[in-house]
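Residue-level listing of the chains:
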Amino acid sequence: DAKTTQPNSMESNEEEPVHLPCNHSTISGTDYIHWYLQLPSQGPEYVIHGLTSNVNNRMASLAIAEDRKSSTLILHRATLRDAAVYYCILSLLQGAQKLVFGQGTRLTINP
Amino acid sequence: GAVVSQHPSRVICKSGTSVKIECRSLDFQATTMFWYRQFPKQSLMLMATSNEGSKATYEQGVEKDKFLINHASLTLSTLTVTSAHPEDSSFYICSARVRGTYNEQFFGPGTRLTVL
């Protein structure tokens, strides 16, 4: 299974942009890059996904490196509600198509 | 749309009893559902993949006789923890996959199991 590497924790200030990095050097050509967040005692929530091109939605932006070996989740203007654990996951389009969660990044937002 | 529910949200049981957890996709049909377990301060660990109408596929190290999974319809999968012991206490989360061109999954709110 292709793996991802994320910093254990990051801290940012409210109303500032946040850039959450993810390395996935063993990504294969057909793996999608997904980002999910998890609030305490809740199930994960979908944030965004991409394949090759950068993606924007109402929640965030996803910047994917040209070689696809890394990506960055961008929260344009952090709020206190964005404090969560963020998981960068490669979806395996071959075989069982399962999501394998790494340790994620715990994001703290300072008021 | 794409809401997944779990029932119960939390359960406390005595050691040796069995507990059933339900996972439902409320507004879509889920051909595949996944079951995860999460211990405190840890990430989600995939337990098994459940396909409607067929036997579940368990991850390595997960006892299929202890964690019984049934996916009888396109909107319901159940996980039964048999003969539960305190070490089975955990947060159990299901997800349902939406059929499409990419592997988007929607997660339930989780079930907190405490075995006394």
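Residues numbered from 1 in each chain as written. Chains lettered and ligands numbered in written order. Predicted model: local features only at pLDDT ≥ 70, side-chain atom pairs only at ≥ 80, totals over all residues. Heavy atoms only, no water.

### Concerning the overall build of chain A
Convention followed: Only DSSP runs of H or I reaching four residues or more are called helices, and only runs of E reaching two or more are called strands; each is numbered from the N terminus. Computation of the radius of gyration draws on C-alpha atoms, with the globule rule given as 2.2 Å multiplied by the number of residues to the power 0.38. Partly exposed describes any residue whose relative accessible area lies between the buried limit of under 20% and the exposed limit of over 50%, with all areas from a 1.4 Å probe on protein chains only and scaled to the type maximum.
Of the regular secondary structure elements, chain A holds zero helices and nine strands. Shown N-terminal to C-terminal, the secondary structure of chain A runs as helices and strands in the order β-β-β-β-β-β-β-β-β. Its C-alpha atoms give chain A a radius of gyration of 13 Å, near enough to 13 Å, the size a compact globule of 111 residues would have. Its C-alpha atoms give chain A principal-axis dimensions of roughly 45 × 30 × 25 Å. Expressed as a percentage of the 111 residues in chain A, the buried residues total 45%.

### Here's the deal with the interface of chain B and chain A
The accessible area lost on association of the parts is a frequent measure of interface size. Let me state the cut-off plainly: Residues are treated as being in contact if the distance between any of their heavy atoms lies within 4.5 Å. Each of two parts loses accessible area, computed with a 1.4 Å probe, when they are put together; buried area is these two losses added. Salt bridge criterion: a side-chain nitrogen from Lys or Arg within 4 Å of a carboxyl oxygen from Asp or Glu. Two N or O atoms count as a polar contact when they lie within 3.5 Å, although within protein this holds only if one can serve as hydrogen donor and the other as acceptor, and sequence-adjacent residues are included solely when both atoms are side-chain atoms. Charged residues are taken to be Asp, Glu, Lys and Arg, nonpolar residues to be Ala, Val, Leu, Ile, Met, Phe, Trp, Tyr, Cys and Pro, and polar residues to be all remaining types, Gly included.
With 20 residues of chain B in contact, the opposing surface of chain A contributes 20 residues. Of the roughly 1,600 Å² buried between chain B and chain A, counting both surfaces, carbon and sulfur atoms make up 52%. Inspection of the chain B/chain A interface yields zero salt bridges. Counting across the interface, chain B meets chain A through five residue pairs in polar contact (both at pLDDT 80 or more). Of all the secondary-structure elements, those providing two or more residues to the side of chain B that touches chain A are strand 4 (32-38), strand 9 (90-97) and strand 10 (105-107) of chain B. Here the residues of the side of chain B that touches chain A sort into nine nonpolar, seven polar and four charged.

### Some words on the layout of surface pockets
Stated precisely, the cut-off is as follows: Grid points spaced at 1 Å and placed over the protein atoms alone form the basis of the search, with a cavity being a set where a 1.4 Å probe fits but cannot get out and a pocket an open set showing protein on both sides within 12 Å along at least five of seven lines. Lining residues have an atom within 4 Å of a point. Grid points are joined across faces, edges and corners, and a volume is the space filled by probe spheres set on the points.
Taken as a whole, the largest pocket spans an internal volume of roughly 530 Å³. When residues of the lining of the largest pocket are traced back to their parent elements, those giving at least two are strand 8 (84-91) and strand 9 (105-110) of chain A. Top contributing element to the lining of the largest pocket by residue count: strand 9 of chain A, with four residues. Looking at side-chain class alone, the lining of the largest pocket contains ten nonpolar, eleven polar and three charged residues. Reported here for the second largest pocket is a volume of approximately 360 Å³. Lining the second largest pocket are 23 residues, and of these Val 100, Phe 101 and Gly 102 of chain A together with Leu 44 and Met 45 of chain B lie nearest its centre. Residue assignment for the lining of the second largest pocket shows that the elements contributing at least two residues are strand 8 of chain A together with strand 4 and strand 5 (45-51) of chain B.

### Overview of the packing of aromatic side chains
For the record, the criterion: Aromatic contacts are taken between Phe, Tyr and Trp rings whose centres are within 6.5 Å, Trp giving its six-membered ring; a plane angle under 30 degrees counts as stacked, one over 60 as edge-to-face, and the others as tilted.
The full count for this structure, using the stated rule, is nine aromatic pairs over all chains. Aromatic pair Tyr 36 of chain A and Tyr 46 of chain A: ring centres 5.9 Å apart, planes at 75°, arrangement edge-to-face. With Tyr 36 of chain A in strand 3 (residues 32-38) and Tyr 46 of chain A in strand 4 (residues 45-50), this residue pair connects regions lying ten residues apart in the sequence. We classify Tyr 46 of chain A as partly exposed; its relative accessible area is 22%. Geometrically, the ring pair formed by Phe 101 of chain A and Tyr 36 of chain B is edge-to-face, given 5.5 Å between the ring centres and 85° between the ring planes.

### Digging into the sheet that holds strand 7 (residues 70-75) of chain A
All names here are of chain A. In plain terms, the rule: Pairing between two strands is assigned when DSSP locates at least 2 bridges connecting them.
Pairing in this open sheet of four strands is antiparallel, and the strands run 2-7-6-5 from one edge to the other. Both outer strands of the open sheet, strand 2 (18-23) and strand 5 (55-56), are each paired with one neighbouring strand and no more. Across six bridges, the pairing between strand 2 and strand 7 is antiparallel. Residue Asn 23 lies in a different strand from strand 7, and its bridge partner there is Ser 70.

### Focus on the side chain of Thr 105 of chain A
Residue and element names in this part refer to chain A. Relative to the helices and strands, Thr 105 is located in strand 9. A polar contact is formed between the side chain of Thr 105 and the side chain of Gln 6, at a distance of 3.4 Å. The contact partners of Thr 105, leaving out residues within four places of it in the chain, are Gln 6, Pro 7, Asn 8, Ser 9, Met 10, Leu 20, Ala 84, Val 85 and Tyr 86.

Functional significance is not addressed by these values, which are geometric in nature.
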